[in-house]
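Residue strings, one per chain:
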Amino acid sequence: MSRTMIIPFGPQHPAFLEPINLSLEVSEEKVSSVKVNIGYNHRGMEYALALDYKKTQYLVERVCGICSFHHSSVYCQTIEAIFGIEAPERAQIIRTIFMEFQRLTSHFLALGHVAEAAGYESLFMRSFAVREHIMRLLNRLTGSRVHYSVNIIGGVRTDISAEGARDILSVIDEIRPEVKTLRDVFLNDVTLVHRLSGAGKLTLDEARDWCAVGPVARASGIKEDARLDGFAAYGKIDFQPIVREEGDAFARTAIRAEECIQSLDLIEKCIMIMKDGETSAVAKKLPAGSSYSRVEAPRGELVYFLRSEEKKLSRLKIKTPASVNVPILASILKNASLADVPVIAASIDPCICCTDR
Amino acid sequence: MSLKNSPWVMHFDTGSCNGCDMEIWALLTPYYDIERFGAINAGNPKHADVLLLTGPVNKKSASRLKNLYDQVPEPKVVIAVGDCASTGAPFQDCYNICGGISTVIPVDVFVQGCAARPEAIIDGFSKAIGILEEKRSGRHGSERGDKVAGAENAGIQSQAGHDSGRGER
Ligand code: SF4
C-alpha cells in the first residue's frame, strides 16, 4: 500500500534562490503530481513601467537583475521602432557585447546553481569565481555590476574606449581556459553526467506543446533562437545556435556550458568589427503608435509590446522566457524522485522575478 | 562567543529584482567570501542568526516574511539589503508592494544601493554582527533601524526613522 503526501517546496527553500512554491504530491519518494504556485515576486512592473516613459528606462532594468540589459535593450529596440529611429551601428555592437556578457553571468549563475543542487560545492564556487571576473570587468566598463544603465533610447550612453576593448580582450583571454575547464567538467564528469542524464526529460513534442524557449527548447532539439533574427549586431557576426537532442537536465546544462564559450567568441568578433562612429541617435517627442520586438535573453526569447499615445505609453506588455519555462516544471517533475527535484528545477533555470514581474 | 564568531545567515527574497540577491550570492562565494566571518548560508530559519532580506515585500510574501521572522530564534538581526528593501524605492508606485522590509518586521541594518555593492553588504553585515553580540549580552538598547551601511561611501544621509509615516500610503 502506498501512502501519498504533499510536500511543500518553498517559497523559502535552500534549493531555490528565489521565492517559488511547488506543492509536490509524493508517494514512495516518487513525485506523482506538481502544483506550481507563483506570485511571490509580483510587483506590478507592467503597470509601473507604463506610468511615465521618461522613467521607464531606469525602471526597466529593475524588472530582472539577472537579465537587466536584455530588458533594457529590447525596450529600447521597441520604442525606437515607435520613434522611427535606429541606433547607430556602433551602439548596436556595444549592445551585443553587453548582452553576451550578461548571458555569461547568467549562465554561470545557472551552472553554479545546478552544480550546487547536484552536491558539487567546489564546482559551484568555481563557476561563481569566473563570473566574478566578468562582473568586475563590467563594473570597470560601466560603473555598475548589475544594472549597467548603458542603454538610452536611440543608442547607448557609455562608449567602449580603445582601452576598454583591450581590457575586454585581456579578460576573455584570462578566463577562457577556466571556462573551457568548467565546460569539460559539466560535459564529461562521470558522476555529474550520471546524476543529470535522464533527469527531468522533456521530449521534442512536449517542448513544442509547452512552447519552451531558450536553452530548454534547444536542449530538446528545437533550433529556436531569437538571435537568428539578427537584431542588434547578431546579423553581422555569423551566429549559429547550439542544439542538442536529449532533452534532459544534462542537455540543458551542457547547452549553457557550451554557450559560455560561444559568448566569448561572439564578444571577440564584435570587438573586431567595431568601427568608430556615433553611439546614439536623437529621439524627439514620442509619437502615437505601437510596436513589438524580441531579443534572446539568457533564458530564451524575451518579447516586449508597447503602445503609445502622444508623449506617453498606454500599454507595455512583457513576455519573459521564464514565464514560459517555469510551468514546464509541472510536467518534467512528474515521476521524478524527490531527491532529483532541486536539480531538475535548477536545470530549467527558473527566474522568478521575470516570471512574476 | 559562538554567535559572534559564527553567525548563520538566511537569505529571503520578498519580491526583489534579483540584483541584490546576486550580490548576496557573490558574497557567499570566492573573492568576497563572508565565510571568513564564520557566516554560513543556512536554509532553515531555525538555524539562522542573521536575516539577509531583499525586495520591497510584495503582498503575497509579507505573511511568509513575518512567519519566517517569527521562526528565527532570539537574538536575531535583520539586514535589509538594497534600496527597495529599505524603502521600496524604485517600485514605490507599484500596486502590489508594501514598501520595504520595515513595514512588516523590525529592521536593524539598512544597506543602500541599487544594486547594493558587495562591499556595502559586508559593511552592513559586520555592523549586524556587532548588534547581534550586543543583543546577546543584553546591552542593545538603541532604537532599531539606526545603522545605515554604505551611507558614508555613497554620501547619503542616514535614513534612520525613514519609515515613519509610511502607513499613510
Ligand atoms: S535594490 Fe535595486 S537592485 Fe536591489 S533588489 Fe531592489 S531593485 Fe533590485
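Since we're looking at a predicted model, the values are computed, not measured. (Residues numbered from 1 in each chain as written. Chains lettered and ligands numbered in written order. Predicted model: local features only at pLDDT ≥ 70, side-chain atom pairs only at ≥ 80, totals over all residues. Heavy atoms only, no water.)

Undergrad: Describe unusual backbone geometry, with residues and values.
TA: Residues C114 of chain B and A115 of chain B are joined by a peptide bond in cis, for which omega reads 0°. Mapped onto the elements of the fold, A115 of chain B is located in the loop between strand 4 (109–111) and helix 5 (118–136). Positive phi outside glycine occurs at D238 of chain A, with the angle close to 55°. Residue placement: D238 of chain A occurs in the loop between helix 9 (214–219) and helix 10 (249–273). (Helix = DSSP H or I, 4+ residues; strand = E, 2+ residues; numbered from the N terminus.)

Undergrad: Give me the lowdown on the sheet that holds strand 8 (residues 312–319) of chain A, citing residues and values where you can.
TA: All names here are of chain A. Here we have 3 strands laid out as an open sheet, ordered 6-7-8, and antiparallel in their pairing. Sheet topology places strand 6 (289–297) and strand 8 at the edges, where each strand pairs with a single neighbour. Sheet twist, expressed as the mean angle between neighbouring strand axes with direction ignored, is 15°. Of the strand pairs in this sheet, strand 7 (residues 300–309) and strand 8 are connected by 7 bridges, and their pairing is antiparallel. Pairing of E309 across the sheet is with K312, part of strand 8. Strands strand 6, strand 7 and strand 8 of the sheet are contacted by helix 3 (residues 68–83), whose axis makes an angle of about 150° with strand 6. (Pairing = 2+ DSSP bridges. Axes fitted to C-alpha atoms, helices over the stretch in contact; angles between N-to-C directions. Contact = heavy atoms within 4.5 Å.)

Undergrad: Run through helix 5 of chain B, naming residues and quoting values.
TA: An α-helical segment advances 3.6 residues per turn. Residues three or four places apart therefore align on the same side. Residues and elements named next belong to chain B. Over its 19 residues, helix 5 extends 26 Å from the first C-alpha to the last, a length consistent with the 27 Å expected when each residue adds 1.5 Å. Regarding helix 5, the residues found buried are P118, A120, I121, I122, G124, F125, A128, I129, I131, L132, E133 and K135. Positioned one or two residues after helix 5, G138 has a phi angle of 75°, which is positive. (Expected span 1.5 Å × (residues − 1). Buried < 20%, exposed > 50% of the residue type's maximum accessible area, 1.4 Å probe, protein only.)

Undergrad: Please provide a residue-by-residue account of the pairing of strand 1 (residues 9–13) of chain B, values included.
TA: All names here are of chain B. The element strand 1 is largely enclosed, with a buried count of 5 among its 5 residues. Along strand 1, one buried face is formed by V9, H11 and D13 and the opposite face, lined by M10 and F12, is buried too. Sheet topology places strand 1 next to strand 2 (residues 50–54); 5 bridges connect them, and they run parallel. For D13, the partnering residue across the bridge sits in strand 2 and is T54. Viewed along the sheet, the connection from strand 1 through helix 2 (residues 19–28) into strand 2 turns out left-handed. (Right-handed = clockwise from strand over helix to strand, strands pointing away.)

Undergrad: Help me get a handle on the interface of chain B and chain A, residues and values and all.
TA: Accessible area lost on assembly of the parts is the figure often given for the size of an interface. Taken together, the contacts link 38 residues of chain B with 44 residues of chain A. Note on chain B versus chain A: buried area summed over both sides is about 3400 Å², and carbon and sulfur give 61% of it. Area buried by chain B at its contact with chain A is led by M22, W25 and Y31 of chain B, which between them contribute 20% of it. The closest approach of N and O atoms between R145 of chain A and E23 of chain B, which form a salt bridge, is 2.7 Å. At 6 residues, the largest contribution of residues to the side of chain B that touches chain A is made by helix 2 of chain B. Partitioning the side of chain B that touches chain A into residue classes produces 21 nonpolar, 11 polar and 6 charged. (Buried area = accessible area lost by both parts, 1.4 Å probe. Salt bridge = Lys/Arg side-chain N within 4 Å of Asp/Glu carboxyl O. Nonpolar A, V, L, I, M, F, W, Y, C, P; charged D, E, K, R; others polar.)

Undergrad: Let's hear about the pattern of salt bridges: which residues, and what values?
TA: Residues and elements named next belong to chain A. Evaluated as defined, the whole model comprises 35 salt bridges over all chains. Across the salt bridge formed by E100 and R227, the nearest N and O atoms sit 3.3 Å from each other. Of the two residues, E100 sits in helix 4 (residues 89–117) while R227 sits in the loop between helix 9 and helix 10, which places them 127 residues apart along the sequence. According to the relative accessible area criterion, R227 is buried, its value standing at 1%. Between R218 and E296 there is a salt bridge, with the nearest N and O atoms lying 2.9 Å from each other. Residue R218 is found in helix 9, and its partner E296 is found in strand 6; the two are separated by 78 residues along the sequence. Overall, the relative accessible area of 1% leaves E296 in the buried class. Three or more residues are tied together by salt bridges with common partners; here these are E100, R103, R218, D225, R227, E259 and E296.

Undergrad: Describe in detail the packing of helix 5 (residues 121–142) of chain A against helix 6 (residues 162–188) of chain A, supporting the description with residues and values.
TA: Residue and element names in this part refer to chain A. Two elements in contact, helix 5 and helix 6, have axes separated by 11 Å at closest approach and are oriented at 165°. By the angle class used here, helix 5 and helix 6 are roughly antiparallel. Of the two elements, helix 5 crosses helix 6, and the hand of that crossing is left-handed. Across from L123, R126, S127, V130, H133, I134, L137, R140 and L141 in helix 5, the residues of helix 6 making contact are G164, D167, I168, V171, E174, I175, E178, V179, T181, L182, V185 and F186. (Parallel < 35°, antiparallel > 145°, perpendicular 65-115°, else oblique. Left-handed = near helix turned anticlockwise from the far one by under 90°.)

Undergrad: Could you give an account of the site of the ligand, with specific residues and numbers?
TA: Neighbouring the ligand are 14 residues; C17, C20, D83, C84 and C114 of chain B lie closest to it. Looking at the shell around the ligand residue by residue, the classes come out as 7 nonpolar, 5 polar and 2 charged. (Near = heavy atom within 4 Å.)

Undergrad: Hey, could you go over the sheet that holds strand 3 (residues 30–37) of chain A for me, with residue numbers and the actual values?
TA: Residues and elements named next belong to chain A. Taking strand neighbours across the sheet as the criterion, the 3 strands line up as 1-2-3 in an open arrangement whose pairing is antiparallel. Among the strands making up the open sheet, the edge pair consists of strand 1 (4–9) and strand 3. Taking each pair of neighbouring strands and ignoring which way they run, the sheet shows an average axis angle of 20°. Strand direction decides the pairing type here: strand 2 (residues 21–27) and strand 3, joined by 7 bridges, are antiparallel. Along strand 3, the bridge assignment pairs L22 with V36.

Undergrad: For the packing of aromatic side chains, give the residues involved together with the corresponding values.
TA: All names here are of chain A. Considering all chains together, one arrives at 7 aromatic pairs over all chains under this definition. Aromatic side chains F69 and F98 sit 5.6 Å apart centroid to centroid with 55° between the ring planes, which places their arrangement in the tilted category. Of this pair, F69 sits in helix 3 while F98 sits in helix 4; the two residues are 29 residues apart in sequence, bridging distant segments of the chain. On the basis of relative accessible area, F69 is assigned to the buried category, the value being 0%. On the basis of an interplanar angle of 55° and a centroid distance of 4.8 Å, the ring pair of F124 and F128 is categorised as tilted. Placement of the pair is F124 and F128 together in helix 5, with a separation of 4 residues, close to one helical turn. (Phe/Tyr/Trp six-rings, centres within 6.5 Å; stacked < 30°, edge-to-face > 60°.)

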